[in-house]
Each structure stands twice: as C-alpha cells, then as structure tokens.
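Remarks on the overall topology
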Amino acid sequence: MITPTYEWQFAPQVEDADFTKIAKKAGLGPEVARLLFERGIQDEESLKKFLEPSLEDLHDPYLLHDMDKAVARIRQAIEEGENILIYGDYDADGMTSASIVKESLEQLGAECRVYLPNRFTDGYGPNASVYKYFIEQEGISLIVTVDNGVAGHEAIELAQSMGVDVIVTDHHSMPETLPDAYAIVHPEHPDASYPFKYLAGCGVAFKLACAF
Ligand SMILES: [Mn+2]
C-alpha cells in the first residue's frame, strides 16, 4: 500500500507562536493554525467565532442591494396569488439556490415553479424563448432568478416589456451595464455596501430566505 505524502507550503512570515498555542488549546494542529492565521483569524476571539459560529453573526440581509424591493414584490405576488417562476441554473450552486428559494417561498404560501435550464439547449442564464414560453403559456407573472441573471439583459428586458417583473438574485461578475430588472440583489452591487462580497448563488438565495 502506498501512503500518500503531502508537501504543504506555507508563506514563511505567517507563523505566530502565540496563535499556535491558542489553536492548540482548541485542539488544532500547527498546520491548521497557520492556515487560519494566514486567513486573518489571529486571536482567541476570532478563532472562537470561526469554530462556534452563531446565527447572530449573520449579516443583515437587508444590507444587500434591492432586498427590500425584492421582498415587497414577492410578498405582493403571494398575496395576489401570482404564479412565480424561479429560474435557476444547472450546476450544484444553481440547483441548491433554486431549492432554497422554492422551499422558503412555498412555506409562505407562494405558488411557484422552478425551471433549471438545460445546458445544451437553453444555455446559461436568462433565455428569452424560455421566458416567453412561461409568460405566454404558463401564466407566469413574476420571475425570480437564482445564481444567474445579472448578464441576462435581453430576456429580462423582454419579460419586463411583457409586463412581467424580474427579480435578479445573482453573484456572477457585474457587467458594466446592468439589466433593466425590477430588482437586482447582488453582493457586489456598487450602490450598496454588503460587507461580504463573496457569497455563492445559494448564499444570495439564503439571504433572500433570511429576509423573509
Ligand atoms: Mn454560482
């Protein structure tokens, strides 16, 4: 049997004897201590926060751009019995995002359906012919994108021109011009100052659920 060997390489300047002791007390080896130190966890208090996270530590979801607008529009859709389409993505992030939003909205009494685009026939992100189909054939009057949407100008403008609001929730790179959506919830939106820019798509979806 071959025993694998790993050659970890560390930046030489990050070793900190005091922090290594603190980490050791918490049951962590010196390699983990160094990795954490390198990532900015450098004292007992921040180590405790990292090892024993609490829901209280979560950032306020309403710090995200347009969150209030998104929540108000979805609430209105629930009250008026509108048909909501959750438009996801075909990868792990997109599917988990869609599940989070579907389960949360259904708990609130929403009528919602999920569409996960087909990578080969629909491509990634908002697809104008899929949007058109759901609006014309399935009576959808509100679209919520998860893990996609911020670059879906054409399909979003089509939906909005047909009187259907699109709420974008996404984490992909912000294009220079944003689509003309009803609301854009994105951790990097320049008009808001959400404290953590690196949420995954399902992280943004989770924040929407938290807001409700
Ligand atoms: Mn993603």
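Remember, predicted model here, so these are calculated numbers, not experimental data. (Residues numbered from 1 in each chain as written. Predicted model: local features only at pLDDT ≥ 70, side-chain atom pairs only at ≥ 80, totals over all residues. Heavy atoms only, no water.)

1. Describing the overall build of the chain
Stated precisely, the cut-off is as follows: To qualify as a helix, a DSSP run of H or I must reach at least 4 residues; to qualify as a strand, a run of E must reach at least 2; elements of each kind are numbered from the N terminus. Restricting the calculation to C-alpha atoms gives the radius of gyration, and the globule rule supplies 2.2 Å times the number of residues raised to the power 0.38. Only protein chains enter the accessibility calculation, which uses a 1.4 Å probe. A residue is then buried if its area is under 20% of the maximum for its type, exposed if over 50%, and partly exposed in between. It only takes one pair of heavy atoms within 4.5 Å for two residues to be counted as in contact. The Shrake-Rupley method, run with a 1.4 Å probe, gives the accessible areas here. Residue values count only the displayed protein chains as cover. Charge assignment in this entry is limited to Lys and Arg as positive and Asp and Glu as negative, and neither His nor the chain termini are counted. In plain terms, the charge of a residue is placed at NZ if it is Lys, CZ if Arg, CG if Asp and CD if Glu.
Along the backbone of the chain there are 8 helices and 5 strands. Going from N to C terminus, the chain has its helices and strands arranged as α-α-α-α-β-α-β-α-β-α-β-β-α. In terms of overall dimensions, the chain is more spread out than a globule: its C-alpha atoms have a radius of gyration of 21 Å, far above the 17 Å expected for 212 residues. Each principal axis of the C-alpha distribution contributes one length, and for the chain these read about 65 × 40 × 35 Å. Across the 212 residues in the chain, those meeting the buried criterion constitute 41%. Considering only residue pairs separated by 6 or more positions, the chain has 62% of its internal contacts joining residues 24 or more positions apart. Accessible surface, the chain: about 12,100 Å² in total, of which carbon and sulfur atoms supply 51%. Averaging the locations of the 16 positively and 36 negatively charged side chains of the chain gives two centres separated by 6 Å.

2. Some words on the coordination of the manganese ion
This is how the line gets drawn: Counted as coordinating are nitrogen, oxygen and sulfur atoms within 2.8 Å of the metal, or 3.2 Å for Na, K and Ca, while water is not included, which may make sites look incomplete.
Ligation of the manganese ion by protein atoms is provided by Asp93 (OD), Asp147 (OD) and His171 (NE2), these donors lying 2.1 to 2.4 Å from the ion. One chain supplies every donor for the manganese ion, spaced along it as D-x53-D-x23-H. Placement of the pair is Asp147 in the loop between strand 3 (140–146) and helix 7 (153–161) and His171 in the loop between strand 4 (165–169) and strand 5 (183–185), with a sequence separation of 24 residues. A relative accessible area of 1% means that Asp147 is categorised as buried.

3. A closer look at the packing of helix 6 (residues 128–137) against helix 7
Packed helices, taken two at a time, are described by the angle between their axes plus the distance between the axes. For clarity, the threshold we go by: Geometry is summarised by axes, namely lines fitted to C-alpha atoms with helices restricted to the contacting stretch, and by angles between N-to-C directions that run from 0 to 180 degrees. Oblique is the label for any angle not covered by the other classes, which are roughly parallel (under 35 degrees), roughly antiparallel (over 145) and roughly perpendicular (65 to 115). Two helices crossing with the near one rotated counterclockwise from the far one by less than a right angle form a left-handed crossing, whereas a clockwise rotation gives a right-handed crossing.
In contact at an axis separation of 8 Å, helix 6 and helix 7 are set at 20° when each is read in the N-to-C sense. The pairing of helix 6 with helix 7 is recorded here as roughly parallel in orientation. The interaxial crossing formed by helix 6 with helix 7 has right-handed handedness. Taken together, the residues of helix 7 that come into contact with helix 6 (itself represented by Ala128, Tyr131, Lys132 and Ile135) are Glu154, Ala155, Ile156, Leu158 and Ala159.

4. Comments concerning the nonpolar core
One recurring pattern in soluble globular proteins: nonpolar side chains tend to sit buried together. This is how it is decided: Definition of nonpolar core: a set of buried residues of the types Ala, Val, Leu, Ile, Met, Phe, Trp, Tyr and Cys, connected through side-chain atoms within 4.5 Å.
Grouped together as the largest cluster of nonpolar side chains are 26 residues, with contacts concentrated most on Ile74 and Ile84. Secondary structure elements with two or more residues in this core: helix 4 (67–79), strand 1 (83–87), helix 5 (92–107), strand 3, strand 5 and helix 8 (201–211). Ranked by residue count, the leading element in this core is helix 4, at 6 residues. Setting aside chain neighbours within four positions, we find Ile74 in contact with Ile84, Leu105, Leu142, Val144, Ile167, Leu208 and Phe212. Core analysis: the next-biggest nonpolar cluster, separate from the first, contains 18 residues, Ala128, Val130, Ile156 and Ala181 among them.

5. Brief notes about the environment of Leu36
Note that Leu36 resides in helix 2 (residues 30–38). A sequence separation of 10 residues divides Leu36 from Ser46, and the C-alpha atoms of the two residues are 9.9 Å apart. Excluding residues that lie within four positions of it along the chain, Leu36 makes contacts with Phe19, Leu28, Ile41, Leu47 and Phe50.

6. Things to note about unusual backbone geometry
A positive phi is found at Asp66, a non-glycine position, where the angle reads about 65°. Secondary-structure assignment places Asp66 in the loop between helix 3 (44–51) and helix 4. The buried category is assigned to Asp66, whose relative accessible area is 18%. A positive phi is found at Asp147, a non-glycine position, where the angle reads about 60°.

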